[in-house]
Amino acid sequence: MPFASGEAALPNSLSLQSRFRGWGNGLLGVAIFSGSLPATRLAVIGFSPLLLTSARALIAGILACLMLAVTRQPWPNGRQWRQLLVVAGGCVLGFPALTALALQHITSARSLVFVGLLPLSTAVFAMVRGGERPAAAFWGFALAGAAAVAGFALARGAQSSALGDGLMVAAIVVCGLGYAEGAVLTRELGGWQVISWALLLCVPAAAVGTAVFWPADGLGMVGWQSWLGLGYVSVFSMLIGFVFWYRGLSLGGIASVGQLQLLQPFMGLGLASVVLGEPVAPLMMVVTLIAVGSVAGAKRFA
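Attention here is on the structure that accompanies the text. (Residues numbered from 1 in each chain as written. Predicted model: local features only at pLDDT ≥ 70, side-chain atom pairs only at ≥ 80, totals over all residues. Heavy atoms only, no water.)

The next subject is the pattern of salt bridges. Across all of its chains, the model carries one salt bridge by this definition. Here Glu 188 makes a salt bridge to Arg 79, at a shortest N to O gap of 2.9 Å. Taken together, the residues span a long stretch of sequence, with Glu 188 in helix 8 (residues 162-189) and Arg 79 in helix 4 (residues 78-102) at a distance of 109 residues. (Salt bridge = Lys/Arg side-chain N within 4 Å of Asp/Glu carboxyl O. Helix = DSSP H or I, 4+ residues; strand = E, 2+ residues; numbered from the N terminus.)

Next up, the structure:
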(Lines give C-alpha, C1' and ligand atoms only; values in the text may rest on other atoms or scores of the structure.)
Protein backbone atom coordinates (compact mmCIF):
# COMPACT_ATOMS: atom_id res chain seq x y z
CA MET A 1 0.00 0.00 0.00
CA PRO A 2 1.51 3.36 -0.99
CA PHE A 3 2.56 5.91 1.60
CA ALA A 4 0.18 8.79 2.22
CA SER A 5 0.84 11.63 -0.16
CA GLY A 6 0.75 14.34 2.48
CA GLU A 7 -0.04 15.47 5.99
CA ALA A 8 -3.07 17.34 7.19
CA ALA A 9 -2.70 21.09 7.41
CA LEU A 10 -1.63 22.37 10.80
CA PRO A 11 -4.62 23.85 12.63
CA ASN A 12 -4.42 27.11 14.52
CA SER A 13 -4.96 25.28 17.80
CA LEU A 14 -3.15 21.97 17.94
CA SER A 15 -5.03 19.10 19.54
CA LEU A 16 -3.49 17.30 22.49
CA GLN A 17 -3.24 14.10 20.44
CA SER A 18 -1.48 15.94 17.64
CA ARG A 19 1.02 17.44 20.10
CA PHE A 20 1.80 14.05 21.63
CA ARG A 21 2.27 12.51 18.19
CA GLY A 22 4.47 15.42 17.19
CA TRP A 23 6.67 15.15 20.26
CA GLY A 24 6.89 11.36 19.91
CA ASN A 25 8.01 11.58 16.29
CA GLY A 26 10.32 14.47 17.07
CA LEU A 27 11.99 12.65 19.96
CA LEU A 28 12.63 9.62 17.77
CA GLY A 29 14.13 11.87 15.10
CA VAL A 30 16.41 13.53 17.66
CA ALA A 31 17.55 10.12 18.95
CA ILE A 32 18.53 9.14 15.41
CA PHE A 33 20.26 12.47 14.75
CA SER A 34 22.23 12.20 18.00
CA GLY A 35 24.45 9.60 16.36
CA SER A 36 25.20 11.78 13.34
CA LEU A 37 28.22 13.71 14.60
CA PRO A 38 29.96 10.73 16.27
CA ALA A 39 29.35 8.77 13.06
CA THR A 40 30.71 11.66 11.00
CA ARG A 41 33.75 11.76 13.25
CA LEU A 42 34.37 8.09 12.45
CA ALA A 43 33.77 8.60 8.75
CA VAL A 44 36.19 11.53 8.30
CA ILE A 45 39.02 9.30 9.53
CA GLY A 46 38.89 7.50 6.18
CA PHE A 47 37.00 9.88 3.90
CA SER A 48 37.68 13.52 3.10
CA PRO A 49 34.89 15.87 4.29
CA LEU A 50 33.83 16.77 0.75
CA LEU A 51 33.81 13.15 -0.42
CA LEU A 52 31.80 12.19 2.66
CA THR A 53 29.27 14.97 2.03
CA SER A 54 28.84 13.91 -1.60
CA ALA A 55 28.75 10.16 -0.95
CA ARG A 56 26.21 10.32 1.87
CA ALA A 57 23.89 12.49 -0.22
CA LEU A 58 24.28 10.16 -3.21
CA ILE A 59 23.53 7.00 -1.24
CA ALA A 60 20.52 8.55 0.50
CA GLY A 61 19.38 10.10 -2.78
CA ILE A 62 19.35 6.77 -4.59
CA LEU A 63 17.28 5.23 -1.78
CA ALA A 64 14.90 8.22 -1.86
CA CYS A 65 14.45 7.94 -5.64
CA LEU A 66 13.52 4.28 -5.26
CA MET A 67 10.95 5.13 -2.58
CA LEU A 68 9.39 7.87 -4.70
CA ALA A 69 9.27 5.64 -7.78
CA VAL A 70 7.82 2.59 -6.03
CA THR A 71 5.07 4.62 -4.35
CA ARG A 72 4.43 6.73 -7.49
CA GLN A 73 4.41 10.08 -5.72
CA PRO A 74 3.02 13.09 -7.63
CA TRP A 75 5.59 15.67 -8.66
CA PRO A 76 5.80 18.88 -6.58
CA ASN A 77 4.72 22.17 -8.15
CA GLY A 78 6.97 25.14 -8.92
CA ARG A 79 6.67 26.81 -5.52
CA GLN A 80 7.27 23.53 -3.72
CA TRP A 81 10.42 22.92 -5.76
CA ARG A 82 11.76 26.29 -4.60
CA GLN A 83 11.08 25.32 -0.99
CA LEU A 84 12.72 21.95 -1.57
CA LEU A 85 15.84 23.74 -2.81
CA VAL A 86 16.06 25.49 0.59
CA VAL A 87 15.70 22.14 2.38
CA ALA A 88 18.32 20.56 0.14
CA GLY A 89 20.77 23.43 0.56
CA GLY A 90 20.37 23.60 4.33
CA CYS A 91 19.93 19.99 5.43
CA VAL A 92 21.26 17.75 2.65
CA LEU A 93 24.37 19.67 1.61
CA GLY A 94 25.02 22.65 3.90
CA PHE A 95 24.85 21.10 7.36
CA PRO A 96 26.73 17.87 6.48
CA ALA A 97 29.51 19.73 4.64
CA LEU A 98 29.98 22.36 7.35
CA THR A 99 29.97 19.83 10.20
CA ALA A 100 32.35 17.49 8.38
CA LEU A 101 34.77 20.38 7.89
CA ALA A 102 34.32 21.46 11.51
CA LEU A 103 35.10 17.98 12.82
CA GLN A 104 38.58 18.23 11.35
CA HIS A 105 39.26 20.93 13.95
CA ILE A 106 37.13 20.01 17.00
CA THR A 107 35.98 16.82 18.70
CA SER A 108 32.50 15.42 18.13
CA ALA A 109 31.80 15.94 21.85
CA ARG A 110 32.39 19.68 21.45
CA SER A 111 30.46 19.88 18.19
CA LEU A 112 27.48 18.13 19.76
CA VAL A 113 27.04 20.88 22.30
CA PHE A 114 26.67 23.39 19.46
CA VAL A 115 23.59 21.44 18.44
CA GLY A 116 22.00 23.06 21.47
CA LEU A 117 21.75 26.22 19.34
CA LEU A 118 19.55 24.48 16.78
CA PRO A 119 16.26 24.95 18.69
CA LEU A 120 16.74 28.71 18.78
CA SER A 121 17.67 28.80 15.10
CA THR A 122 14.67 26.64 14.22
CA ALA A 123 12.32 28.75 16.35
CA VAL A 124 13.45 31.96 14.67
CA PHE A 125 12.84 30.51 11.23
CA ALA A 126 9.52 29.07 12.47
CA MET A 127 8.40 32.68 12.89
CA VAL A 128 9.80 33.80 9.56
CA ARG A 129 8.72 30.85 7.42
CA GLY A 130 6.08 29.05 9.49
CA GLY A 131 4.14 32.02 10.83
CA GLU A 132 4.33 30.74 14.41
CA ARG A 133 4.23 33.16 17.35
CA PRO A 134 5.36 31.50 20.60
CA ALA A 135 4.73 33.24 23.92
CA ALA A 136 7.35 35.59 25.37
CA ALA A 137 8.22 33.07 28.10
CA PHE A 138 9.09 30.56 25.40
CA TRP A 139 11.82 32.83 24.12
CA GLY A 140 13.16 33.24 27.63
CA PHE A 141 13.71 29.51 28.01
CA ALA A 142 14.99 29.16 24.43
CA LEU A 143 17.50 31.96 24.97
CA ALA A 144 18.61 30.46 28.29
CA GLY A 145 19.45 27.19 26.58
CA ALA A 146 21.19 28.95 23.72
CA ALA A 147 23.13 31.20 26.11
CA ALA A 148 24.41 28.17 28.02
CA VAL A 149 25.67 26.65 24.80
CA ALA A 150 27.17 29.92 23.56
CA GLY A 151 28.96 30.36 26.88
CA PHE A 152 30.49 26.96 26.51
CA ALA A 153 31.55 27.72 22.94
CA LEU A 154 33.33 30.86 24.10
CA ALA A 155 35.28 28.96 26.75
CA ARG A 156 38.61 28.59 24.98
CA GLY A 157 39.57 25.14 26.18
CA ALA A 158 42.24 22.88 24.75
CA GLN A 159 39.73 21.21 22.46
CA SER A 160 38.40 24.43 20.95
CA SER A 161 39.12 25.94 17.55
CA ALA A 162 37.94 29.29 16.21
CA LEU A 163 37.54 27.85 12.71
CA GLY A 164 35.77 24.71 13.91
CA ASP A 165 33.44 26.69 16.16
CA GLY A 166 32.64 29.14 13.36
CA LEU A 167 31.83 26.32 10.94
CA MET A 168 29.47 24.77 13.50
CA VAL A 169 27.63 28.07 14.01
CA ALA A 170 27.17 28.41 10.24
CA ALA A 171 25.91 24.82 10.11
CA ILE A 172 23.33 25.58 12.79
CA VAL A 173 21.96 28.59 10.89
CA VAL A 174 21.48 26.80 7.56
CA CYS A 175 20.09 23.72 9.28
CA GLY A 176 17.51 25.72 11.25
CA LEU A 177 16.29 27.28 8.00
CA GLY A 178 16.10 23.86 6.33
CA TYR A 179 14.19 22.37 9.26
CA ALA A 180 11.59 25.15 9.32
CA GLU A 181 11.13 25.18 5.55
CA GLY A 182 10.81 21.41 5.44
CA ALA A 183 8.28 21.37 8.27
CA VAL A 184 6.09 23.92 6.49
CA LEU A 185 6.23 21.86 3.29
CA THR A 186 5.50 18.63 5.18
CA ARG A 187 1.95 19.89 5.75
CA GLU A 188 1.46 19.64 1.98
CA LEU A 189 3.66 16.76 0.85
CA GLY A 190 4.31 14.59 3.91
CA GLY A 191 7.49 14.12 5.97
CA TRP A 192 9.28 11.37 4.08
CA GLN A 193 8.28 12.88 0.75
CA VAL A 194 9.89 16.23 1.59
CA ILE A 195 13.30 14.80 2.42
CA SER A 196 13.09 12.36 -0.49
CA TRP A 197 12.40 15.09 -3.06
CA ALA A 198 15.16 17.24 -1.51
CA LEU A 199 17.58 14.34 -1.81
CA LEU A 200 16.53 13.76 -5.42
CA LEU A 201 17.47 17.36 -6.20
CA CYS A 202 20.95 16.73 -4.82
CA VAL A 203 21.68 13.47 -6.70
CA PRO A 204 23.35 15.09 -9.76
CA ALA A 205 25.60 17.33 -7.65
CA ALA A 206 26.31 14.45 -5.25
CA ALA A 207 27.28 12.15 -8.12
CA VAL A 208 29.63 14.74 -9.58
CA GLY A 209 31.12 15.49 -6.18
CA THR A 210 31.68 11.81 -5.43
CA ALA A 211 33.53 11.39 -8.73
CA VAL A 212 35.59 14.58 -8.33
CA PHE A 213 36.62 13.94 -4.72
CA TRP A 214 37.23 10.21 -5.15
CA PRO A 215 40.86 9.61 -4.09
CA ALA A 216 43.33 8.68 -6.81
CA ASP A 217 44.58 5.70 -4.81
CA GLY A 218 41.07 4.38 -4.16
CA LEU A 219 39.46 3.49 -0.84
CA GLY A 220 41.28 0.26 -0.12
CA MET A 221 42.83 1.65 3.06
CA VAL A 222 39.57 2.94 4.56
CA GLY A 223 38.80 1.13 7.82
CA TRP A 224 35.54 -0.56 8.68
CA GLN A 225 34.75 2.11 11.27
CA SER A 226 34.72 4.78 8.57
CA TRP A 227 32.47 2.63 6.37
CA LEU A 228 30.15 2.15 9.31
CA GLY A 229 30.07 5.90 9.89
CA LEU A 230 29.29 6.51 6.22
CA GLY A 231 26.47 3.97 6.33
CA TYR A 232 24.89 5.57 9.39
CA VAL A 233 24.97 9.15 8.14
CA SER A 234 23.70 8.07 4.71
CA VAL A 235 20.74 5.94 5.75
CA PHE A 236 19.78 7.19 9.19
CA SER A 237 20.99 10.80 9.38
CA MET A 238 20.07 11.75 5.82
CA LEU A 239 16.82 9.86 5.37
CA ILE A 240 15.18 7.91 8.19
CA GLY A 241 15.73 10.55 10.87
CA PHE A 242 14.09 13.22 8.72
CA VAL A 243 10.99 11.09 8.18
CA PHE A 244 10.22 11.29 11.91
CA TRP A 245 11.62 14.78 12.43
CA TYR A 246 9.61 16.60 9.79
CA ARG A 247 6.46 14.75 10.80
CA GLY A 248 7.06 15.77 14.40
CA LEU A 249 7.64 19.43 13.53
CA SER A 250 4.53 19.50 11.37
CA LEU A 251 2.22 17.82 13.90
CA GLY A 252 3.47 19.41 17.11
CA GLY A 253 4.59 22.86 15.96
CA ILE A 254 7.99 23.86 14.60
CA ALA A 255 9.11 26.05 17.51
CA SER A 256 7.74 23.72 20.20
CA VAL A 257 9.02 20.37 18.91
CA GLY A 258 12.22 22.06 17.76
CA GLN A 259 13.20 22.50 21.42
CA LEU A 260 13.73 18.73 21.60
CA GLN A 261 17.01 19.35 19.82
CA LEU A 262 18.37 20.59 23.14
CA LEU A 263 18.33 16.94 24.21
CA GLN A 264 20.50 15.90 21.28
CA PRO A 265 23.80 16.93 22.89
CA PHE A 266 22.95 14.81 25.95
CA MET A 267 22.36 11.74 23.80
CA GLY A 268 25.30 12.48 21.54
CA LEU A 269 27.77 13.10 24.34
CA GLY A 270 27.03 9.64 25.67
CA LEU A 271 27.61 8.11 22.24
CA ALA A 272 30.83 10.09 21.76
CA SER A 273 32.11 8.78 25.07
CA VAL A 274 31.10 5.14 24.49
CA VAL A 275 31.83 4.80 20.76
CA LEU A 276 34.81 7.13 20.33
CA GLY A 277 36.24 7.12 23.83
CA GLU A 278 36.25 10.92 23.89
CA PRO A 279 36.38 12.59 27.30
CA VAL A 280 33.24 14.41 28.37
CA ALA A 281 34.17 17.44 30.47
CA PRO A 282 32.03 18.23 33.53
CA LEU A 283 31.24 21.63 32.00
CA MET A 284 29.70 19.87 29.01
CA MET A 285 27.36 17.96 31.31
CA VAL A 286 26.37 21.14 33.16
CA VAL A 287 25.50 22.85 29.87
CA THR A 288 23.49 19.81 28.78
CA LEU A 289 21.49 19.76 32.02
CA ILE A 290 20.66 23.45 31.57
CA ALA A 291 19.55 22.64 28.03
CA VAL A 292 17.24 19.89 29.30
CA GLY A 293 15.63 22.30 31.73
CA SER A 294 15.16 24.82 28.93
CA VAL A 295 13.31 22.18 26.87
CA ALA A 296 10.82 21.61 29.66
CA GLY A 297 10.19 25.32 30.12
CA ALA A 298 9.94 26.09 26.41
CA LYS A 299 7.47 23.23 25.90
CA ARG A 300 5.23 24.69 28.57
CA PHE A 301 4.99 28.10 26.89
CA ALA A 302 5.33 27.25 23.16
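End to end, helix 9 (residues 191-212) covers 32 Å across 22 residues, agreeing with the expected 32 Å (1.5 Å per residue, within 8%). Remark: the principal bend of helix 9, roughly 45°, maps to Val 203, with a proline, Pro 204, within the next four residues. (Expected span 1.5 Å × (residues − 1). Bend = angle between axes of the 7 residues up to and from the residue.)

Attention now moves to the state of the cysteines. This structure, assessed with the given rule, holds zero disulfides. With no disulfide partner, Cys 91 has as its closest neighbouring cysteine sulfur the one in Cys 175, 4.6 Å distant. According to the relative accessible area criterion, Cys 175 is buried, its value standing at 1%. (Disulfide = S-S within 2.5 Å. Buried < 20%, exposed > 50% of the residue type's maximum accessible area, 1.4 Å probe, protein only.)

Let's shift gears to the packing of helix 3 (residues 49-71) against helix 10 (residues 224-252). At their nearest, the axes of helix 3 and helix 10 sit 9 Å apart, and the two run at 55° to each other. The angle between helix 3 and helix 10 places the two elements in the oblique class. Once helix 3 is placed against helix 10, the crossing between them reads as right-handed. The residues of helix 10 that touch helix 3, namely those facing Leu 52, Ala 55, Arg 56, Ala 57, Ile 59, Ala 60, Leu 63, Ala 64 and Met 67, are Leu 230, Val 233, Ser 234, Val 235, Ser 237, Met 238 and Leu 239. Within the contact of helix 3 with helix 10, the residues separate by chemical class into 13 nonpolar, two polar and one charged. (Axes fitted to C-alpha atoms, helices over the stretch in contact; angles between N-to-C directions. Parallel < 35°, antiparallel > 145°, perpendicular 65-115°, else oblique. Left-handed = near helix turned anticlockwise from the far one by under 90°. Contact = heavy atoms within 4.5 Å. Nonpolar A, V, L, I, M, F, W, Y, C, P; charged D, E, K, R; others polar.)

Before going further, it helps to spend a moment on unusual backbone geometry. Notably, Arg 72 is not glycine yet its phi reads approximately 55°, a positive angle. Along the chain, Arg 72 falls in the loop between helix 3 and helix 4.

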